[in-house]
Amino acid sequence: MTLRRVYAAVSGMRPGTAVVLGVVAVFAAWMITGLGGETLTRDVSNVGTFALTAVTSGACLLRGARSRGRVRGFWFGTGAGLLSWATGQGIWTWQETVLRGEVPFPSVADVGYLAMLPFIAAGLLLAPVARQTLAHRLRSVVDGLMIGTSLLLVAWLMVVAPLIGSSGSSTAELSVTLAYPLGDVVLITVVLHVLALLRRRGAQAGMTLLVGAAMVVICVTDSMYVLVSLQGDYRSGGVLDVGWFAGFALVLLAARLRGQQVPEDLEQDDAAVVERPFAIALPYAAVVGAVLVSIVWFARTGHADSFFAWSRTVLIVLILVRQLITLRENRHLTRHLESRVAVRTAELHASEQRFRALVQQSSDSVAIISADSTIRYQSDSVERIFGYPATMLLGHRLVEVSGKAAGPHIAAAIAAVRDELYASTVIEVPIRHFDGRVRLAEMTVTNLLDDPAVGGFVLNTRDIHDAKELQDQLLHTAYHDGLTGLASRALFRERLEEALAAAGARAEVAILFLDLDGFKEVNDSLGHAAGDELLVRVAARIRETVREHDTVARFGGDEFAVLVQSIAATRDAEAVARRIVAAIGEPVTVDGRELHVGASIGLASGADADDTDQLLRNADLAMYKAKSGGGGGVASYDPKMHNVLVERLQLEADLRVALEQGQLALHYQPTVDLQSSLIVGFEALVRWHHPTRGMVSPLEFIGIAEATGLIVPLGRWVLAEACRQAVAWGADGDRDLTMAVNVSVRQFDHGDLAEMVAEVLAETGMPAERLRLEMTESVLLTDTDENLAQLQRIRALGVTLAMDDFGTGYSSLAYLRRFPMEILKIDRSFVDRLGGGDREDVALVRTIVQLGQSLGMATVAEGIEDEVQLTVLREMGCPFAQGYYLSRPLPAPEAGKLLVNGLPTPAVAA
């Protein structure tokens, strides 16, 4: 890994560094080959070595100035040592190359050379190393002492002892001679110690390794220099100088590799100290090497001196100390491992307990069975779920104890997953509870036969009986009407689709759509409870009249449907429809009251439809046709009905455009005082002149406006336009004319009608007392309390309220005193019968007039068509009247002329 780091660093070397190392390589080649002669080679070596050392020391000092912490000390120590060596080399070069003198040994230059060693050692000791505990630091010191003592012993035997034994050396020579190898031993010891503790990652690791390798090369070269110098064979510029060149080149490379990052794949975590074989074996390798050298040396000389004996003793003591430290570390490590094992065991036990608790308290029963379904393990939760003690089931075959109904299904499930590991299947089987009840269970069978931890089939079984019952109940609720128990719209649709799919011909399927006539009045007048009771009675009567296999459904409200299937479905459906009409037509007693309702039924055959939706739509159209005919009958679908529907939709779209583009207009029919024959007011009636259809009757579009909600904006426009016209007429004359405007029940359902009336009065300047709002009795019967509150707010504005079409509604007399009405308008159906000679018709109209007088209400007769009707009404004392005999509804200009000129002569004369 270290070599890979160095390679990664070198591969990213800067160009300047590459040039310097290239020059170093050229110098080394020059010296090795000896090109240019001995003198030139010596001079090149001296100058080149000095230059290289000076550049390298400068690079190290510059790197130290740009670093922080221990790294700064490492580079300053290395730079100072190289600077000292460069000083010695400069002195040597000056004496030998410049002065051309013979440099003695030892010389002043040796001081610079030797001074490098302590600086470099100090720098290496400051290099960042892995974090250590106190025991690790102590053992590192012992390891360093072992390495140093071993190297000293080797140096003593190989170098120092032979030098001391030579008689030709002076004291100075001997001192310098001993200083080099001993200093080198110390430095190499420091290098090995630091490399053993070096951090495992980071760019600094590669740099420290290069510096350490350089120091080993330099120390070996120094030792060789001492031996060669003592023998008198050393010459500058020789091959020996290549060692110094190589060492300083490595240091320069390390200093110039600043900022190089180690690749991510070489990074390792150094959060904790991890012993490496190199660090463990290095001290013992040094001792073994020293022992081998000692054996060889003793074999050659046959004697041992005191240094040899003391060194051996020191090594033995250090080995013992190291073993004691190692023993202590091992004991600490053992206790640590035991503690971790105990913690891990406790965690595993707690995890096992949690797993057991989860299994036992799970909503599932967990079992492991062998290939023949023998139960090998059964969780205790089975007793809580199915009532069986777990021990009762162990050792028994599941396919046998589960019963005849469930056994075959379980065996089939096991066979389905037997051939594939981890395959699983889910089945629903009936399981007999311990108390005898049969419960529906969901069982998941998983094949773990080849799993060494299980070695069988795993069964997860849960009781889904209650959930299944709830699901069935919810399904029944979704497919059946909660009030009547009939099929719902969803179930009816499904059965209709099935019937159409199964029928040999679509004519074999027919449906009836049924809507009650008069139900709304019952529901509004007697309350929802009475309405619900009526629906239940009607549903029962429908069930009694249909055939056994016919489907009866309630779609909502008072809408019902019947599905008829037979070869002659249309004919049979007609017979069923007639029976339903007759049955529903019979009186129904609810809360002691006899109620009468009818049924409008639409019939559609599958032969007239392409799909289910079209068949349902056809029946709906037929039902509306039956209702529009007065109710209480049956109408069969005709394709023309669809055209009517399309035309109705087109008319609705055109009506929206008419409102936006101002195609509507108001005509005004006068209200006449029968005593004075004067016009006292007008009724505003909306008219629509269609661009292509011509004049469209209000009977055609008012119903559409009410059904679609367009009556709200239409009603506001009519009210505002009528009020503006009334204000205009009031400004031109001296009479206070009233303006009557019809109000639909739908306007009460959409927003605040009283607020809208107040806004229009404010906008137009219409006096409230001159405005008369006319409404049918349906307003009084729909949402009674809310409508009463709105009417009271309108009356508080000063607006007059009139009941239109009086006598045609349901139980209208019951509301006369409750609602703030001031005018009764006698329906034209009563006026039409006047003058026919029937005393009862005359008596009925007279009664209404007298009723109005007794209640303080004015009466207005509508629909006067001839002179006889007018005369009878005058004789009865009816104060006001309207009708074509008096005047047709007229556009505003013509109505204005009528107001000025008066009524035509015949009407006045009458």
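Please read these numbers as outputs of a predicted model, since none were measured by experiment.

**Points about the confidence of the model for the protein chain**
Residues of the protein chain with pLDDT of at least 70 account for 81%, and the chain-wide mean is 79. For the stretch residues 260-274, pLDDT sits under 50, and the model shows 29 contacts to residues farther than four places along the chain or on other chains.

**Here we look at the packing of helix 4 (residues 69-98) against helix 5 (residues 108-125)**
The description of two helices packed together rests on the angle between their axes and the distance between the axes. At a minimum axis separation of 7 Å, helix 4 and helix 5 run at an interaxial angle of 170°. One way to sum up the angle between helix 4 and helix 5 is to call them roughly antiparallel. Here the residues of the contact of helix 4 with helix 5 are counted per class, giving 16 nonpolar, 9 polar and 1 charged.

**What to know about the nonpolar core**
Within the largest apolar cluster, 78 residues are counted, with the highest numbers of intra-cluster contacts made by Met739, Leu771 and Leu773. Broken down by element, the residue count for this core peaks at 9 residues, all from helix 24 (residues 711-732). Excluding its chain neighbours within four sequence positions, the residues that come into contact with Leu773 are Leu719, Val741, Val743, Val757, Ile794, Val799, Thr800, Leu801 and Ala802. If you look at the next biggest cluster of nonpolar residues, it comprises 47 residues, including Leu52, Tyr113, Leu210 and Leu252.

**Quick word on the pairing of strand 11 (residues 598-605)**
Consecutive side chains along a regular strand alternate between the two faces of the sheet. Most of strand 11 sits out of view: 8 of its 8 residues are buried. Of the two faces of strand 11, the one lined by Gly598, Ser600, Gly602 and Ala604 and the one lined by Ala599, Ile601, Leu603 and Ser605 are each fully buried. Pairing between strand 6 (residues 509-517) and strand 11: 8 bridges, direction antiparallel. Following the sheet pairing, Phe513 is matched in strand 11 by Gly602. Both strand 11 and strand 12 (residues 634-636) contribute to a ladder of 3 bridges, which runs parallel. Bridging from a neighbouring strand, Ile601 pairs with Val634 of strand 12.

**What to know about the pairing of strand 13 (residues 664-673)**
Within strand 13, 9 of the 10 residues are buried, which leaves it mostly tucked inside the rest of the structure. Here strand 13 pairs with strand 14 (residues 678-690) via 10 bridges, running antiparallel. From the neighbouring strand, Asp673 faces strand 14, where its bridge partner is Leu678. The antiparallel hairpin formed by strand 13 and strand 14 contains 4 residues in its connecting segment, where Ser677 sits at a positive phi of about 60°. Pairing of strand 13 with strand 22 (residues 890-891) involves 2 bridges; the strand directions are antiparallel. Bridge pairing in strand 22 links His667 to Pro891. Taken together, the 2 bridges between strand 13 and strand 21 (residues 880-881) define a ladder with antiparallel strand orientation. Within strand 21, the position partnered with Asp673 by the bridge is Phe880.

**Observations concerning the pattern of salt bridges**
Applying the stated criterion across every chain yields a total of 20 salt bridges. In this structure, Arg547 and Asp550 form a salt bridge, with 3.0 Å as the shortest nitrogen-oxygen distance. The class for Arg547 is partly exposed, based on a relative accessible area of 22%. Residues participating in the shared-partner salt-bridge network are Glu683, Arg772, Glu774, Lys825 and Glu862.

The rules behind each value
Residues numbered from 1 in each chain as written. Predicted model: local features only at pLDDT ≥ 70, side-chain atom pairs only at ≥ 80, totals over all residues. Heavy atoms only, no water. pLDDT = per-residue confidence, 0-100. Contact = heavy atoms within 4.5 Å. Axes fitted to C-alpha atoms, helices over the stretch in contact; angles between N-to-C directions. Helix = DSSP H or I, 4+ residues; strand = E, 2+ residues; numbered from the N terminus. Parallel < 35°, antiparallel > 145°, perpendicular 65-115°, else oblique. Nonpolar A, V, L, I, M, F, W, Y, C, P; charged D, E, K, R; others polar. Core = buried A, V, L, I, M, F, W, Y, C linked by side-chain atoms within 4.5 Å. Buried < 20%, exposed > 50% of the residue type's maximum accessible area, 1.4 Å probe, protein only. Pairing = 2+ DSSP bridges. Salt bridge = Lys/Arg side-chain N within 4 Å of Asp/Glu carboxyl O.

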